[in-house]
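Examination of the molecular architecture
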Amino acid sequence: MPPDPPPSPVGAGSVDELAARLRALRTWAGDPSYTEIARRVGALRTSRGVPAAEARPGRVTVYDVFRAGRSRLDVDLLADVARVLGDRRPAAWRAAYRTAAVPAAVPAAAPPSVRLGPFADEGPLVGRADDAARLAAALGAGRPDGLPGIPDGPRVVTVTGLAGTGTTSVALAVAREVPADVVALVDLRRVPAAEAPPAAVVLDALLQSLGAPPPDAQARDVLALAAALAAALAGRRTTVVLDDVTAAAQVADVVAHLPAGARVVATAHHVLDLPGAAGTTLDPLPEDDALALLGSLVGADRAVAEPSAATRLVRACGGLPAALVRVADDVRARPGWSLADHARRVEDLPGPALHPALAAAHRDLPADHARALRLLALVPVPLDAAWVAVLLGVSTSESRDALAALGRAHLVTDGPRGEVVVPDAVRALAADLARSDDPFSARAAAVGRLAARLLDDARPAVRAAAPHHDATGRSAEQGPTGLGSAPSGAAAVRSTTDVALAWLDTHRDLLVATSALAAEHELADPVTDLSALLAPYLDSAGRWDDAVAVHTAAVEHGRPSGRSQAGRDLGRALERLGRYDEALAQLVRSLERGDDPRPGQTLNRVGNVYKRLGRFDEAETAYRDAATTGRSRCHVAWATSSTSRSCRATPRSSPRRRAASTARSRCTATPSRARPFWATRGWRRGHGCTWVGFSHAPTRRGPGSWSCVPRSTRPSRSGTPTPRPRPAARSRPHCSRRAPSPRR
């Protein structure tokens with residue numbers, strides 16, 4: 001039996017109908033995900049010769065072709081999507097779009113809808129009960145402590161918050177708590193902002209819902225409508241819920257013409273400044289409350305049976321009750337699916353499909369504010385306000401204005417330190433839109449600006465926290481972001497070790513996230529510089545997971561000249577995490593590249609990994625190879641009068657550390673007689689001379705001078721050295737030293 005033919009686009013009378021038929025074609029093709037459709041379209045276009053960087057459309061762009069409510073479509077993308085879904089007649093879809101896209105007459109704006117209560121209880125308000133009780137008390141069901149007295153006349157409370165946080169549900173819960181004879185819900189979402197006067201529109205809709213005869217057409221002004229409404233509500237307690245108002249002036253105008261005893265609950269997705277009105281702002285639900293809400297919707301037993309999948313669903317929804325309700329409806333509609341199946345499906349959904357109200361809020365923003373939101377969403381952690389202007393590439397005043405506008409719309413909030421925080425749901429939506437709507441070059445330029453600023457600000461902190469390290473930045477000759485410039489005020493503040501470590505701990509997540517962003521946008525220089533700069537801090541702080549992320553990005557996307565060093569640092573982090581096989585593979589690759597600036601140090605770390613694996617013979621071989629390499633490098637360093645990087649001495653605890661480094665103390669260690677590093681207990685890092693796999697104890701020779709000798713002459717507990725007879729050492733030149741490196 002032949003398979004059913006694909007749905008035909010012929011006869012579609014509108015763009016919405018054409019999109020509906022495309023959705024039917026997707027169902028006919030097995031309901032592939034939008035990500036899979038985007039991949040297929042990219043492969044189709046690549047086969048036609050389109051460059052790979054331009055061939056694949058974004059997931060959100062593909063979703064928009066299927067979405068209802070569009071006035072125009074990308075006809076080329078429409079035809080390609082139909083082709084990859086199995087319809088071999090793309091020309092028919094093009095022709096159908098030309099017919100369906102004929103503009104139709106724009107209908108007149110509909111008046112606001114009014115529904116009269118009572119309204120059924122929708123269940124417990126998880127995480128919102130305290131807010132509802134406080135607002136109900138403010139409306140007259142008892143006065144809570146701390147609220148000022150509300151003067152005679154209509155009493156007003158406001159419920160604001162991000163779209164999808166449940167403002168309407170909280171407002172209706174407040175209305176149910178207040179004794180009333182008439183409860184009216186006025187939906188203002190269909191009233192255009194230019195409708196004038198708004199109070200007359202609302203009053204007329206209320207009169208019609210109550211069945212009262214409207215005034216004569218000649219007397220249909222605001223005062224006449226207000227008098228008619230007062231007569232219709234005479235003697236009845238009234239609560240009016242104004243849902244989704246567009247401006248505070250609209251609420252004030254309506255309230256001014258309501259009867260004196262009316263109570264008003266206004267909801268909005270932006271800040272409402274109403275004098276004398278009590279209000280609350282709803283945030284996304286915390287994870288525990290969101291899990292409780294999901295359990296109440298799909299069944300607590302089911303949520304408890306699959307806790308990890310339930311957590312994934314909650315995080316994918318960003319803690320927004322509206323998204324959780326829609327997901328719960330899908331869960332109940334597909335009882336054969338596990339929560340893990342639903343979590344995978346929801347995580348693959350584009351942001352506009354999961355959060356349509358947030359997508360509408362983004363479309364209503366001015367172009368510059370929408371761009372600012374999309375770029376902010378690319379950074380997955382809170383960002384200091386001072387760095388927002390750098391990311392956006394605008395002046396500080398323009399950045400401040402954009403943040404203020406986004407804050408009034410609850411699309412960004414302030415963190416505990418004053419940083420800019422983008423809610424998770426907004427971040428997921430706006431990041432998807434950024435990757436589909438903004439050109440790659442513009443996003444890469446923004447990430448590059450942020451990375452350059454972070455490198456400049458982090459170098460003084462790393463220099464103060466690890467002064468003995470020589471990879472805290474590039475020299476002045478290497479570019480304008482090097483260390484040759486004068487330190488800024490921020491650098492002076494981070495001049496002490498404690499302050500520097502506190503700064504690095506505070507901004508660690510941002511630095512790691514910027515490394516990943518730079519790698520995503522193919523910025524090789526920032527990726528390599530961040531890896532080299534953060535290595536001593538991440539090493540000393542024991543942040544091995546972060547170190548793996550930063551150094552992996554540098555190995556895979558950094559400059560070729562810096563990949564050996566990044567691979568060496570990555571090998572150390574993997575070793576400390578117990579992933580010895582992976583560590584050994586990275587270290588060997590660093591050696592095989594042939595451009596490792598410190599092959600002796602890399603061999604030393606190879607020996608460390610072999611030691612941890614219990615392969616002591618191979619460890620000793622690696623250490624001896626490291627000694628040979630380091631000895632030859634010391635000779636080269638002495639011959640060229642340059643500072644050696646493989647043999648250093650100066651005890652970190654000494655108060656004369658800098659003086660000793662300046663004096664370039666001489667090392668007389670004899671590596672041929674020293675014990676291998678893995679066979680000695682060793683001193684604390686910085687308290688001895690580590691020379692490529694061999695440890696030596698420091699011995700004071702004179703003011704400002706230190707010498708490295710084998711551990712056979714280690715000082716006794718009494719402080720008096722107890723030297724053993726030393727064999728004659730081969731004559732070789734002394735090598736200059738600086739303070740020991742933490743990246744052993």
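Residues numbered from 1 in each chain as written. Predicted model: local features only at pLDDT ≥ 70, side-chain atom pairs only at ≥ 80, totals over all residues. Heavy atoms only, no water.

Some details on the layout of surface pockets
Here is the rule we go by: Cavities and pockets were defined on a 1 Å grid built from protein atoms only: a cavity is a group of points that admits a 1.4 Å probe but offers it no way out, a pocket is an open group of points flanked by protein on both sides within 12 Å along at least five of seven lines, and a lining residue is one with an atom within 4 Å of any such point. Grid points are joined across faces, edges and corners, and a volume is the space filled by probe spheres set on the points. For helices the rule is a DSSP run of H or I covering at least 4 residues; for strands it is a run of E covering at least 2, with both sets numbered from the N terminus onward. Under the grouping applied here, Gly and all other residues not named as nonpolar or charged are polar, the nonpolar ones being Ala, Val, Leu, Ile, Met, Phe, Trp, Tyr, Cys and Pro and the charged ones Asp, Glu, Lys and Arg.
What the second largest pocket holds in volume is close to 710 Å³. Arg-56, Pro-57, Gly-58, Arg-435 and Arg-443 are, among the 25 residues lining the second largest pocket, the residues nearest its centre. For the lining of the second largest pocket, the elements supplying multiple residues, two or more each, are α2 (34-47), α3 (52-55), α4 (59-66), α5 (75-84), α22 (424-437) and α23 (440-465). For the lining of the second largest pocket, a count of residues per class yields nine nonpolar, three polar and 13 charged.

A short note on the pairing of strand β6 (residues 278-282)
Regular strands have side chains that alternate between both faces of the sheet. This is how it is decided: Only protein chains enter the area calculation, which uses a 1.4 Å probe; residues under 20% of their type maximum are buried, those over 50% are exposed, and those in between are partly exposed. When DSSP finds two or more bridges between a pair of strands, those strands are recorded as paired.
Going residue by residue along β6, you find Ala-278, Thr-280 and Leu-282 tucked away on one face and Gly-279 and Thr-281 left uncovered on the opposite face. The pairing of strand β2 (residues 155-161) with β6 spans five bridges and is parallel. Directly across from Val-159, in β6, lies its bridge partner Thr-280.

Quick notes on helix α19 (residues 367-378)
Just so we agree on the cut-off: Expected span of a helix, by definition, is 1.5 Å for each gap between consecutive residues, and there is one gap fewer than residues.
End to end, α19 covers 17 Å across twelve residues, agreeing with the expected 16 Å (1.5 Å per residue, within 8%). The element α19 is extensively covered by neighbouring structure, given that nine of its twelve residues are classed as buried. Looking only at α19, the buried set comprises His-369, Ala-370, Ala-372, Leu-373, Arg-374, Leu-375, Leu-376, Ala-377 and Leu-378.

With respect to empty space enclosed by the protein
A water-sized probe rolled over the atoms picks out the places where empty space is left. For the structure on display, the rule yields five cavities of 30 Å³ or more. Considering only enclosed or pocket space, the second largest cavity measures out at about 60 Å³ in volume. Taken together, eleven residues form the lining of the second largest cavity, with Ala-535, Asp-539, Trp-544, His-551 and Asp-569 sitting closest to its centre. Elements that contribute at least two residues to the lining of the second largest cavity include exactly α26 (524-541), α27 (544-557) and α28 (563-576). Residues of the lining of the second largest cavity, tallied by class, amount to five nonpolar, one polar and five charged.

A short note on the environment of Glu-419
Basically, it comes down to this: Whether two residues are in contact is decided by their heavy atoms: any pair within 4.5 Å suffices.
Inspection of the secondary structure assignment puts Glu-419 in the loop between β7 (413-414) and β8 (420-421). Residue Glu-419 is classed as buried on the basis of its relative accessible area, which comes to 5%. On a C-alpha basis, the gap between Glu-419 and Val-381 in space is 9.8 Å, while along the polypeptide they are 38 residues apart. Apart from the residues within four sequence positions on either side, Glu-419 is in contact with Pro-382, Leu-383, Asp-384, Thr-413 and Asp-414.

A short note on the sheet that holds β6
What counts is decided by this rule: Axis definition: a line fit to C-alpha positions, over the contact stretch in the case of helices; interaxial angles, taken between N-to-C directions, run 0 to 180 degrees.
Read from one edge to the other, the open sheet built from six strands follows the order β1-β3-β4-β5-β2-β6, with strand pairing classed as mixed. The open sheet has two edge strands with one neighbour each: β1 (113-116) and β6. Strand-to-strand, the axes of this sheet are offset by a mean angle of 15°, without reference to chain direction. As judged from the four bridges shared by strand β4 (residues 238-243) and strand β5 (residues 263-268), these two strands associate in the parallel manner. Paired with Leu-242 across the two strands is Ala-266, which belongs to β5.

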